[in-house]
Amino acid sequence: MMKLLPVLLLLSIGGLNTVSALSPPPVQNGTGRVERLMRAGQYDQALNLLLPLYRSGQHTPKIIGNINRCYNELKNYPEWIVFLNDVVLQFPTQYGYRLTLGSAYFLNGEKEKAMAVWRAIYQKPDATLMHYRRVAQTLYAHRLWDEATEVYIAAMQKFPDESTLWMDMGNLYRVQSDYEKATTYYMRYLLARPKQGGYIRSVLLGLARDAEAADRIISVLESEKNANPAVAELLMYLYMRAGRYDDAYQQTLLLEKSTQSVNKGLYLNRFINEAGRSRQWPYVLKAYHDLLQNLSGPRADNPSYMLARAEYRYAQSIRVAQADKAAELIRDALERLRQLMDRNSHKKVAAAMLAGDIYKNFYGDPDEALRFYTLFPLQKIGKRDADRLRLKIARIHIEKNQIEEARRQYNALQSPSLKNIARWHLAELDFYSARFKQARKKYTTLLSAAGLSDTLSNNVLQRLFLLENLPGDSSALAVYAHALFLEKQNKPDKAAAVFSTLATRHGPLSREALNKALELYARLQTPQKGIEVAEQWLRQNADDPQADEIIYTLAGLYRDSKAYEKARNWYEQIMIRFPSGFYADEARKQARMLNKTETRQP
């Protein structure tokens with residue numbers, strides 16, 4: 001909101017006719033030079049050229065606006081006030097210049113004079129709604145919250161049915177963090193303009209950044225006990241923002257009861273979407289079950305599939321902490337997917353794909369996954385689904401070391417949007433196989449086809465950097481590529497071992513190999529192995545000018561292993577040996593935190 005203040009101030013300074021100044025007039029009488037001087041920040045010189053133009057009778061909005069800007073930038077408020085008083089005499093009916101005069105008085109420390117000028121604008125008998133709003137907005141720009149509120153209240157007394165004033169008041173209280181009053185006015189605006197429900201919802205959800213703010217807004221909505229569906233739905237979202245999912249679900253069911261049969265399920269789906277984004281899987285499952293109670297036949301197929309997918313995601317999130325519960329969820333999901341496939345549902349291909357994912361990622365069974373991926377002939381399903389399956393099938397063949405079959409799948413991709421992905425994977429297969437000349441050619445072709453803005457470009461450039469800076473037949477590069485292939489085959493332990501061996505050979509790829517090894521040991525939750533290889537590398541590369549990166553990682557491994565004293569010692573090594581390095585500040589911060597941790601230990 002604070003970003004709006006300079007804009008509003010500029011509007012007030014520019015006066016009523018600021019908009020016309022946006023269209024540049026023909027360059028005459030040196031105004032082109034004036035513009036150049038202002039762009040260069042030489043406002044005093046620009047002012048020396050502008051004032052004679054004004055005194056000669058050139059009272060155009062652009063010249064007046066530029067003079068206003070120069071005086072404001074130079075903070076020469078006394079002379080600015082003199083100038084504006086003359087402008088007001090020249091244009092007595094254009095109240096925009098009076099707004100700017102009030103701003104000049106205020107910036108000069110003469111608040112009472114400023115208020116007198118501003119009040120005179122809206123207190124005259126023929127004042128319009130815009131007079132009130134422009135004055136209030138100018139006060140707002142100067143952070144005169146109470147005075148702006150006074151103007152808006154006066155406006156609401158004169159124009160009681162103008163809903164725009166309620167929105168303005170909501171915005172005014174919002175910037176002061178008075179969420180209760182802001183909500184009250186936003187609700188008045190919403191009830192007057194129901195079509196603005198989506199916007200008001202986004203505003204209030206933006207305010208509800210945490211549970212405390214959400215509860216403050218909720219207290220207003222609950223006290224009003226309004227039966228308007230837009231307000232009731234807003235409460236549903238706010239309950240979720242506050243972490244009150246039981247209340248949110250009860251609110252959802254109330255909304256469903258008041259919904260016509262043709263729209264049944266509308267609010268349950270909205271609840272599901274929001275709860276799913278927050279990974280509140282138990283509530284997502286509950287909502288899907290309730291939704292399916294009122295659906296049958298083909299209408300139930302998509303919710304059934306989505307329920308199975310939610311069960312899978314929930315199971316993945318608890319597979320370690322609640323293994324039995326996860327297994328039960330997976331069984332339910334697979335049974336649901338089998339039913340979709342058996343009855344030839346329009347979701348059968350998606351169901352087969354998801355079943356394959358479950359067997360591959362949950363059970364670690366690539367053969368059963370491949371059976372589901374190939375359950376339906378690819379030539380008889382949609383191009384997009386067929387290509388998604390080809391990518392999954394190719395990945396299985398890579399894990400099974402069936403490289404040529406993987407190539408065949410990538411070459412068979414038909415969707416134009418996936419052509420570059422196919423090129424990338426084909427180049428990677430050459431790279432993994434140490435066919436570096438062929439890989440370089442494919443990477444270069446891909447870079448030309450995709451362009452530097454494509455998300456694949458960084459990966460391509462990294463590969464080309466390796467290929468250009470190491471000989472094509474480099475044994476170290478071949479070992480590095482093989483280790484990457486093992487990682488691709490979902491063999492992180494074997495890949496880490498190869499990277500570790502390469503890291504301690506003191507070759508051209510030792511640093512890159514070490515970083516990959518440490519990344520994999522962290523993923524495997526075996527920090528001790530990472531510690532061993534990192535310390536060996538540091539002994540071999542004691543004088544490496546970039547060793548601070550490795551030391552920082554090593555210290556983190558010790559910290560994660562709860563070896564706090566050793567971690568602190570390594571962080572201190574960074575501060576001593578690399579005091580101006582990239583990791584020095586963070587190492588100092590981590591060392592302080594470890595000191596506090598050790599102090600708290602019994």
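Further up the page is the structure itself.
Calculation rules
Residues numbered from 1 in each chain as written. Predicted model: local features only at pLDDT ≥ 70, side-chain atom pairs only at ≥ 80, totals over all residues. Heavy atoms only, no water. Helix = DSSP H or I, 4+ residues; strand = E, 2+ residues; numbered from the N terminus. Buried < 20%, exposed > 50% of the residue type's maximum accessible area, 1.4 Å probe, protein only. Salt bridge = Lys/Arg side-chain N within 4 Å of Asp/Glu carboxyl O. 1 Å grid on protein atoms, 1.4 Å probe; cavity = no way out; pocket = protein on both sides within 12 Å on 5 of 7 lines; lining within 4 Å. Points joined across faces, edges and corners; volume = space filled by probe spheres on them. Nonpolar A, V, L, I, M, F, W, Y, C, P; charged D, E, K, R; others polar. Expected span 1.5 Å × (residues − 1). Axes fitted to C-alpha atoms, helices over the stretch in contact; angles between N-to-C directions. Parallel < 35°, antiparallel > 145°, perpendicular 65-115°, else oblique. Left-handed = near helix turned anticlockwise from the far one by under 90°. Contact = heavy atoms within 4.5 Å. Patch = residues over 30% accessible without salt bridge, like charges linked within 9 Å, V, L, I, M, F, W, Y side chains within 5 Å. Areas by Shrake-Rupley, 256 points an atom, 1.4 Å probe, with all protein chains shown as cover. Lys, Arg positive; Asp, Glu negative; His and termini not counted. Charge placed at Lys NZ, Arg CZ, Asp CG, Glu CD. Polar contact = N/O pair within 3.5 Å; in protein donor to acceptor, adjacent residues only side chain to side chain. Phe/Tyr/Trp six-rings, centres within 6.5 Å; stacked < 30°, edge-to-face > 60°. Lys NZ or Arg CZ within 6 Å of the ring centre and 35° of its normal.

In this section: the environment of Glu-112. The residue Glu-112 is located in helix α7 (residues 111-122) in this model. On the basis of relative accessible area, Glu-112 is assigned to the exposed category, the value being 61%. Expressed as a C-alpha distance, the spacing of Glu-112 and Tyr-186, which sit 74 residues apart in the sequence, is 32 Å.

Once that is clear, we can look at the pattern of salt bridges. Scanning the model with the defined rule gives 37 salt bridges in all. Between Arg-435 and Asp-430 there is a salt bridge, with its nearest N and O atoms 3.6 Å apart. Judged by relative accessible area, which is 33%, Arg-435 ranks as partly exposed. Of the residues examined, Asp-430 reaches a relative accessible area of 0% and is grouped as buried. Note that Arg-511 and Glu-549 form a salt bridge whose closest N and O atoms lie 3.7 Å from each other. On the criterion of sequence distance, the pair formed by Arg-511 in helix α29 (residues 510-523) and Glu-549 in helix α31 (residues 547-560) is long-range, its members being 38 residues apart.

Of the pockets and cavities examined, the second largest pocket occupies roughly 390 Å³. Taken together, 15 residues line the second largest pocket, and the ones lying closest to its centre are Gln-462, Arg-463, Leu-466, Tyr-480 and Leu-484. Sorting the residues of the lining of the second largest pocket by element identifies α24 (419-432), α26 (457-469), α27 (475-488) and α29 as the ones contributing at least two each. Considering only residue class, the lining of the second largest pocket consists of six nonpolar, two polar and seven charged.

Here we take up α27. Counted at 1.5 Å a residue, the expected span for α27 with its 14 residues is 20 Å, and the 20 Å between its end C-alpha atoms agrees. Here α27 lies mainly inside the structure; ten of its 14 residues are buried. Within α27 the residues assigned to the buried category are Ala-476, Leu-477, Tyr-480, Ala-481, Ala-483, Leu-484, Phe-485, Leu-486, Glu-487 and Lys-488. Positive backbone phi, at 65 degrees, marks Asn-490, one or two positions downstream of α27.

Let us look at the packing of helix α4 (residues 61-74) against helix α5 (residues 77-90). The N-to-C vectors of α4 and α5 enclose an angle of 160 degrees; their axes lie 9 Å apart at closest approach. By the angle between their directions, the pair α4 and α5 is classed as roughly antiparallel. The handedness of the crossing between α4 and α5 comes out as left-handed. Mapping the contact onto sequence places Ile-64, Ile-67, Asn-68, Tyr-71 and Asn-72 in α4 and Tyr-77, Glu-79, Trp-80, Phe-83, Leu-84 and Val-87 in α5. Its residues assigned to classes, the contact of α4 with α5 shows eight nonpolar, two polar and one charged.

Let's shift gears to the packing of helix α11 (residues 179-192) against helix α13 (residues 211-224). Packed helix pairs are characterised by how far apart their axes lie and by the angle those axes make with each other. It is at 9 Å that the axes of α11 and α13 come closest, and there the two elements cross at 45 degrees. Considered as vectors, α11 and α13 are oriented oblique to each other. Relative to α13, the crossing made by α11 is right-handed. Across the interface between the two elements, Tyr-179, Glu-180, Thr-183, Thr-184 and Met-187 of α11 pack against Ala-213, Arg-216, Ile-217, Ser-219, Val-220, Leu-221 and Glu-224 of α13. For the contact of α11 with α13, the residue count by class is six nonpolar, three polar and three charged.

Right, let's talk about a negative patch on the surface for a bit. A surface patch of negative charge is lined by Asp-324, Glu-328, Asp-332, Glu-335 and Asp-342. With respect to the helices and strands, Asp-342 occurs in helix α19 (residues 323-342).

Moving on, we get to unusual backbone geometry. For Arg-143, which is not glycine, the phi dihedral falls at a positive 60 degrees. Along the chain, Arg-143 falls in the loop between α8 (129-141) and α9 (145-158). Despite not being glycine, Asn-490 shows a phi value in the positive range, around 65 degrees. Here Asn-490 lies in the loop between α27 and α28 (492-503). Taking the relative accessible area as the measure of exposure, Asn-490 reaches 54% and is therefore exposed.

So, on to the environment of Asn-68. For Asn-68, the position within the fold is in helix α4. On a C-alpha basis, the gap between Asn-68 and Leu-101 in space is 9.7 Å, while along the polypeptide they are 33 residues apart. Here the side chain of Asn-68 touches Trp-80 through a polar contact of 2.8 Å, side chain to side chain.

Another point: the packing of aromatic side chains. Given two aromatic rings, one states the distance between the centres and the angle between the planes to describe the pair. Here the structure, examined in full by the defined rule, presents 21 aromatic pairs. When the ring of Tyr-54 is compared with that of Phe-83, the centres are 4.9 Å apart and the planes differ by 65 degrees; the resulting orientation is edge-to-face. On the criterion of sequence distance, the pair formed by Tyr-54 in helix α3 (residues 43-55) and Phe-83 in helix α5 is long-range, its members being 29 residues apart. Exposure remark for Phe-83: the relative accessible area of 6% places this residue in the buried category. Measuring from centroid to centroid gives 5.8 Å for Trp-424 and Tyr-443, while their planes differ by 50 degrees, and the two rings are tilted. With Trp-424 in helix α24 and Tyr-443 in helix α25 (residues 436-450), this residue pair connects regions lying 19 residues apart in the sequence. Grouped by ring-pair contacts, the aromatic residues Tyr-359, Phe-362, Tyr-363 and Phe-372 constitute a single cluster. Positioned above the aromatic ring of Phe-362 is the side chain of Arg-319, whose terminal nitrogen or guanidinium carbon lies 4.3 Å from the ring centre. Positioned over the ring face of Phe-372 is Arg-371, at 4.5 Å from the centre of the ring.

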